[in-house]
Amino acid sequence: MNTHDFYFDLPESLIAQTPLEKRDSSRLMVLDKKTGDLSHHIFTDIESYLKKGDCLVLNNTKVIPARLFGVKETGATVEFLLLKRLTATRWETLVKPGRKAKVGAKFDFGGKMTCEVVDIGDEGSRIIEFTFEGIFEEILDELGTMPLPPYITEKLEDASRYNTVYAKHEGSAAAPTAGLHFTEDLLKRLKEKGVNIAYITLHVGLGTFRPVKVDDVLEHKMHSEYYQLDEANAQLINETKANGGRVISVGTTSTRTVETIANEAGLLEAKSGWTDIFIYPGYTFKVIDGLITNFHLPESTLIMLVSALSTKDFILHAYEEAVKEKYRFFSFGDAMLII
């Protein structure tokens, strides 16, 4: 399986730069995963595709203001992107420019915090040790900015729009963007309809920012991300399956978490840990029946995952249709329901 098999031509003008005024007013493409049939809607129409007894699985991670600018002793300014918390004071980070962040280099952040580069991580990431007084999260709120992806070049006026309305547990370097379409009112209506709502946590990290650099898909290595599922939500998903309901994940992060935890019988238990699961065509899903997701980058692990739930040909045809119909792509873009 070749990475280029998942290529499609995407005009730069279709990359959404800002969120819509109303979260649930985005467009929604619905794809029948078995037949490839397509239909076009707005996101609030999702109600008509969800039935009583179905279960939505939402990732309640919260994006932190993970982009920081530090000043080296030489006066050079360096950008840090916090990716993974290793201890109370130690983080794995992306640094730009990396050449200014050799092991032993020290940086100051507005006189409120300092750090030292203590090691080189995977693919050139830096392990840094922070020194500060007070509460780290409060300092980060003051000094940091939201880590928008590099393809978004416009300033985000309202930082809350890069988090879901149900974001709870801080720790992500990027948003689980499929969930950005939901409003509290829409979730309330779905609950009233009898749709179960389950929550998992997966802190989105390094893998989101790393392209597939190998020709052979099977040679790509995913970076690990921390997940957590409690007993009540595990049982809610198990009961949905037992009662004949469909489990529909909101986003690829929810999908990977549930499929990591499930045993061969498709049952879940309370669990936390690290996952580097890589889902691509040929994978047999143990739990997930459907998926709500945004439109992804060509040749990315994300488009490979959605292809696994349907077929590569159906997905690429859907993406060609999305380009033709001028759907908005990526983080602040439109949505697709695969069911």
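Refer to the preceding data block for the structure.
Residue indices follow the written sequence of each chain, beginning from 1 at its first position. Per-residue local features of the predicted model are confined to residues with pLDDT of at least 70, and side-chain atom pairs are confined, for both listing and counting, to 80 or more; whole-chain, interface and lining totals are unaffected and use all residues. Here the side-chain values reflect all heavy atoms present in the structure, with hydrogen atoms and water set aside.

### Here's the deal with the overall build of the protein
Strands are runs of DSSP state E lasting at least two residues, helices are runs of H or I lasting at least four, and both sets are numbered from the N terminus onward. Looking only at helices and strands, one finds 6 helices and 17 strands in the protein. Taking 20 Å as the expected radius of gyration for a compact globule of 339 residues, we find that the protein reaches 20 Å, a close match to that expectation. In terms of overall dimensions, the protein has C-alpha extents of about 60 × 45 × 40 Å along its principal axes. Summary of the burial criterion: residues with accessible area below 20% of their type's maximum are buried, those above 50% are exposed, and those between are partly exposed, where the area comes from a 1.4 Å probe applied to protein chains only. Counting across all 339 residues of the protein, residues that qualify as buried make up 53%. Only heavy atoms matter for contacts: two residues are in contact if any of them lie within 4.5 Å across the pair. A separation of at least 24 residues holds for 71% of the contacts in the protein among residues at least 6 apart in sequence. Taken over C-alpha atoms, the radius of gyration is set against a globule rule of 2.2 Å times the number of residues to the power 0.38.

### Side note on the side chain of Thr293
Along the chain, Thr293 turns up in strand β16 (residues 290–294). According to the relative accessible area criterion, Thr293 is buried, its value standing at 1%. At a separation of 2.6 Å, a polar atom in the side chain of Thr293 contacts the side chain of His296. In this view, Thr293 contacts Ala178, Thr252, Val306, Asp334, Ala335, Met336 and Ile338; residues no more than four positions away in its chain are not counted. Whenever a nitrogen or oxygen atom comes within 3.5 Å of another N or O atom, the pair is scored as a polar contact, on the condition that within protein one atom can donate a hydrogen and the other can accept it, and that pairs from neighbouring residues in sequence are kept only if both atoms are in side chains.

### Quick notes on the packing of aromatic side chains
Note on aromatic contacts: the rings of Phe and Tyr and the six-membered ring of Trp form a pair at centre separations within 6.5 Å, being stacked when their planes are under 30 degrees apart, edge-to-face when over 60 apart, and tilted otherwise. One pass over the structure, following the stated rule, counts 20 aromatic pairs. On the numbers, 5.5 Å between centres and 65° between planes, the contact of Phe80 with Phe109 is edge-to-face. Of this pair, Phe80 sits in strand β6 (residues 77–85) while Phe109 sits in strand β8 (residues 106–109); the two residues are 29 residues apart in sequence, bridging distant segments of the chain. Exposure remark for Phe80: the relative accessible area of 0% places this residue in the buried category. Judged by relative accessible area, Phe109 falls into the buried class, the value being 1%. Plain terms: the ring middles of Phe329 and Phe330 are 6.1 Å apart, the flat faces sit at 90° to each other, and that makes the pair edge-to-face. Relative accessible area serves as the criterion here: at 4%, Phe330 is assigned to the buried category.

### Focus: the pairing of strand β14 (residues 247–250)
Neither face of β14 is open: one carries Val247 and Ser249, the other Ile248 and Val250, and all of them are buried. Relative to β14, strand β3 (residues 55–59) runs parallel, the two being bridged by 3 bridges. Paired with Leu56 across the bridge in β14 is Ile248. Here β14 pairs with β16 via 3 bridges, running parallel. Its bridge partner lying in β16, Ile248 is registered against Gly290. DSSP-based pairing: two strands are paired if at least 2 bridges between them are found.

### A closer look at the pattern of salt bridges
Salt bridge, as used here: a side-chain nitrogen of Lys or Arg that lies within 4 Å of a carboxyl oxygen of Asp or Glu. Inspection of every chain in the model, using the stated rule, returns 11 salt bridges. Between Glu79 and Arg67 there is a salt bridge; the shortest N-O distance is 2.5 Å. A residue pair is termed long-range when its members are at least 10 positions apart, and Glu79 in strand β6 and Arg67 in strand β5 (residues 67–72) qualify at 12 residues. A relative accessible area of 16% means that Arg67 is categorised as buried. Beyond isolated ion pairs, a larger network of salt bridges with shared partners links Glu47, Asp185 and Arg189.

### Considerations on the sheet that holds strand β9 (residues 113–120)
What links the strands of a sheet is backbone hydrogen bonding, and the strands pair in either a parallel or an antiparallel sense. Reading around the circumference, β5-β6-β7-β10-β9-β8 is the order of the 6 strands in this closed barrel, with antiparallel pairing throughout. Between one strand axis and the next, the sheet turns through 45° on average, direction left out of account. Both β8 and β9 contribute to a ladder of 4 bridges, which runs antiparallel. Bridge pairing in β9 links Asp108 to Thr114. Each axis is a line fitted through C-alpha atoms, and for a helix only the stretch in contact is used; angles between axes span 0 to 180 degrees, taken between their N-to-C directions. In the packing of helix α1 (residues 136–143) onto the sheet, contacts are made with β5, β6, β7 (90–96), β8, β9 and β10 (126–132), and the angle to β6 comes to roughly 140°.

### A look at the sheet that holds β3
Pairing in this open sheet of 9 strands is mixed, and the strands run β2-β1-β17-β16-β14-β3-β12-β13-β15 from one edge to the other. Lying at the two open borders of the sheet, with one neighbouring strand each, are β2 (38–42) and β15 (271–275). With strand direction ignored, the average angle separating the axes of adjacent strands in the sheet is 25°. Of the pairings in the sheet, the one linking β16 to strand β17 (residues 335–338) comprises 4 bridges and is antiparallel in character. Bridging across to β17, Leu291 finds its partner in Ile338. Contacts from helix α4 (residues 252–261) reach β3, β12 (196–202), β13 (225–229), β14, β15 and β16 within the one sheet, and its direction differs from that of β12 by about 85°. Of the strands in this sheet, β16 and β17 are in contact with helix α5 (residues 301–309), which crosses β16 at around 155°.

### Here we look at the packing of α5 against helix α6 (residues 312–324)
Describing two packed helices takes the angle between their axes plus the distance from one axis to the other. One way to put it is that α5 packs onto α6 with a least axis distance of 7 Å and a crossing angle of 120°. Between α5 and α6, the angle is such that the two are oblique. Seen along the crossing, α5 lies across α6 with a hand that is right-handed. In contact with Ile303, Val306 and Ser307 of α5, α6 contributes Lys312, Ile315, Leu316 and Tyr319. Classification convention: Asp, Glu, Lys, Arg as charged; Ala, Val, Leu, Ile, Met, Phe, Trp, Tyr, Cys, Pro as nonpolar; all other residues, Gly among them, as polar. Classifying every residue of the contact of α5 with α6 gives 5 nonpolar, 1 polar and 1 charged. Oblique is the label for any angle not covered by the other classes, which are roughly parallel (under 35 degrees), roughly antiparallel (over 145) and roughly perpendicular (65 to 115). Crossing chirality is assigned from the near helix's rotation relative to the far helix, an anticlockwise turn below a right angle marking it left-handed and a clockwise turn marking it right-handed.

### Let's talk about the nonpolar core
Residues Tyr162, Ile237, Leu268 and Phe329 are the most contacted members of the largest nonpolar core, which totals 61 residues. Excluding anything up to four places from it in sequence, Ile237 contacts Cys55, Val57, Ala198, Val247, Val258, Leu268 and Val287. Listed in part, the 24 residues of the second largest apolar core include Phe80, Leu83, Leu94 and Phe130. Only buried Ala, Val, Leu, Ile, Met, Phe, Trp, Tyr and Cys residues count toward a nonpolar core, and they belong to the same one when joined by side-chain atoms within 4.5 Å.

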